[in-house]
Amino acid sequence: MDDVRRSRNAYSASADRYLALVGSTLSDQIETAADLELLARFVGIAKAAGGRVLDAGCGTGRVARLLADHGLEAVGVDVAEGMVEIARREHPDLRFAVGELAQLPFASTRFIATVYWYSIITTPPALLATVFAELVRTLGENGIALVAFQSGDGSGIERPNAFGTEVDLTLFRHNVQFVAASLEQSGLHLVDVIEREPEGAHEYTTQAFITARS
Ligand SMILES: C[S@@+](CC[C@H](N)C(=O)[O-])C[C@H]1O[C@@H](n2cnc3c(N)ncnc32)[C@H](O)[C@@H]1O
């Protein structure tokens, strides 16, 4: 089974558990104040630009909810049907699609802003260039992207029976410089690269946040 199919199966099968543990909205139980500030800045830039915003790897639709609550036209996409089903149920006023980061089911230049909130965790480093090429294809001129991820040396951690499912997953702690370079190589300009120490009880590694513009 390839990485994408494994992600789809594991996250679909564990979607109810994700909802119970993480919820369907952002919260200060999961996000730090600094994380929420970064998202608020992203929202401000997207609002000023005007246009549709993509929550890529949306899970239960937590970030899409935040974007929509600030008046943005938010769309979510996720490879796991189980996640999309929950997102649609929890946020019936928003639009969610099933699709892959490396092959987004959207027309070119459709979005003014795209956020990947911890959704590249199962994407191998070698596939990031393909994912970011799709980001660039679907992002309009003067668009903005925010990529949040668990960071480290770029290696994968094996998770047999991930999240209580029967699927074995590899979770990547991407190297910050590597992700930043991949974004630049895809044609984006870096705005800032932030890395912070783990703070929450659910965090075991450094967390990285990269903002870039088209
Ligand atoms: C850790 S969860 C984060 C979900 C959501 N962004 C949040 O913050 O609650 C990772 C999500 O990325 C999705 N995902 C992983 N690989 C993907 C891929 N290749 N294409 C689309 N979605 C993917 C998973 O299905 C899962 O919903």
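This text follows the structure it describes.
Residues numbered from 1 in each chain as written. Predicted model: local features only at pLDDT ≥ 70, side-chain atom pairs only at ≥ 80, totals over all residues. Heavy atoms only, no water.

Engineer: Hey, could you run me through the overall build of the chain in this one?
Structural biologist: Within the chain, the regular secondary structure consists of seven helices and nine strands. Its C-alpha atoms give the chain a radius of gyration of 16 Å, within 12% of the compact-globule value 17 Å for 214 residues. If you line up the chain on its principal axes, its C-alpha atoms span 45 × 40 × 35 Å. Out of the 214 residues belonging to the chain, those deemed buried represent 51%. For the chain, the computed accessible surface area is about 9,600 Å², with 49% contributed by carbon and sulfur atoms. Looking at the chain, you have 18 positive and 28 negative side-chain charges, and the mean spots of the two groups are 5 Å apart. (Helix = DSSP H or I, 4+ residues; strand = E, 2+ residues; numbered from the N terminus. Rg over C-alpha atoms; globule rule 2.2 N^0.38 Å. Buried < 20%, exposed > 50% of the residue type's maximum accessible area, 1.4 Å probe, protein only. Areas by Shrake-Rupley, 256 points an atom, 1.4 Å probe, with all protein chains shown as cover. Lys, Arg positive; Asp, Glu negative; His and termini not counted. Charge placed at Lys NZ, Arg CZ, Asp CG, Glu CD.)

Engineer: So what exactly am I meant to see when it comes to the site of the ligand here?
Structural biologist: In the vicinity of the ligand lie 18 residues, with Tyr 18, Gly 57, Arg 62, Asp 78 and Trp 117 positioned nearest. A distance of 3.2 Å is found between a nitrogen atom of the ligand and a backbone nitrogen or oxygen belonging to Val 79. Contact between the ligand and Thr 122: a nitrogen atom at 3.2 Å from a side-chain N or O atom of the residue. Considered on its own, the ligand offers 590 Å² of accessible surface; in the complex 95% of this is hidden by protein. When grouped by side-chain class, the residues that make up the shell around the ligand number nine nonpolar, six polar and three charged. (Near = heavy atom within 4 Å. Polar contact = N/O pair within 3.5 Å; in protein donor to acceptor, adjacent residues only side chain to side chain. Nonpolar A, V, L, I, M, F, W, Y, C, P; charged D, E, K, R; others polar.)

Engineer: Can you walk me through the nonpolar core in this structure?
Structural biologist: One recurring pattern in soluble globular proteins: nonpolar side chains tend to sit buried together. The biggest cluster of nonpolar side chains holds 27 residues, and the ones touching the most others in it are Leu 54, Phe 106, Tyr 116, Phe 132, Leu 135, Phe 149 and Leu 183. At the level of secondary structure, the elements contributing two or more residues to this core comprise strand E1 (52–56), strand E2 (73–78), strand E4 (111–117), helix H6 (128–138), strand E5 (139–150), helix H7 (176–185) and strand E9 (207–213). Phe 132 has contacts with Val 147, Val 179, Ser 182, Leu 183 and Ser 186, leaving out every residue within four places of it along the chain. Listed in part, the 26 residues of the second largest apolar core include Phe 42, Leu 67, Ile 112 and Leu 146. (Core = buried A, V, L, I, M, F, W, Y, C linked by side-chain atoms within 4.5 Å. Contact = heavy atoms within 4.5 Å.)

Engineer: Please clarify how the sheet that holds E4 should be interpreted in this entry.
Structural biologist: Backbone-to-backbone hydrogen bonds join strands into a sheet, with any given pair of strands oriented parallel or antiparallel. Overall, mixed pairing links the seven strands, which are arranged E3-E2-E1-E4-E5-E9-E8 in an open sheet. The sheet is open, and its two borders are formed by strand E3 (95–98) and strand E8 (189–196), each paired with just one other strand. When strand polarity is set aside, the average angle formed by the axes of neighbouring strands in this sheet is 15 degrees. When E1 meets E4, the two strands line up parallel, connected through three bridges. Counterpart to Val 53 in the pairing with E4 is Ala 113. Here helix H5 (residues 81–90) sits on the sheet in contact with E2 and E3, set at roughly 170 degrees to E3. (Pairing = 2+ DSSP bridges. Axes fitted to C-alpha atoms, helices over the stretch in contact; angles between N-to-C directions.)

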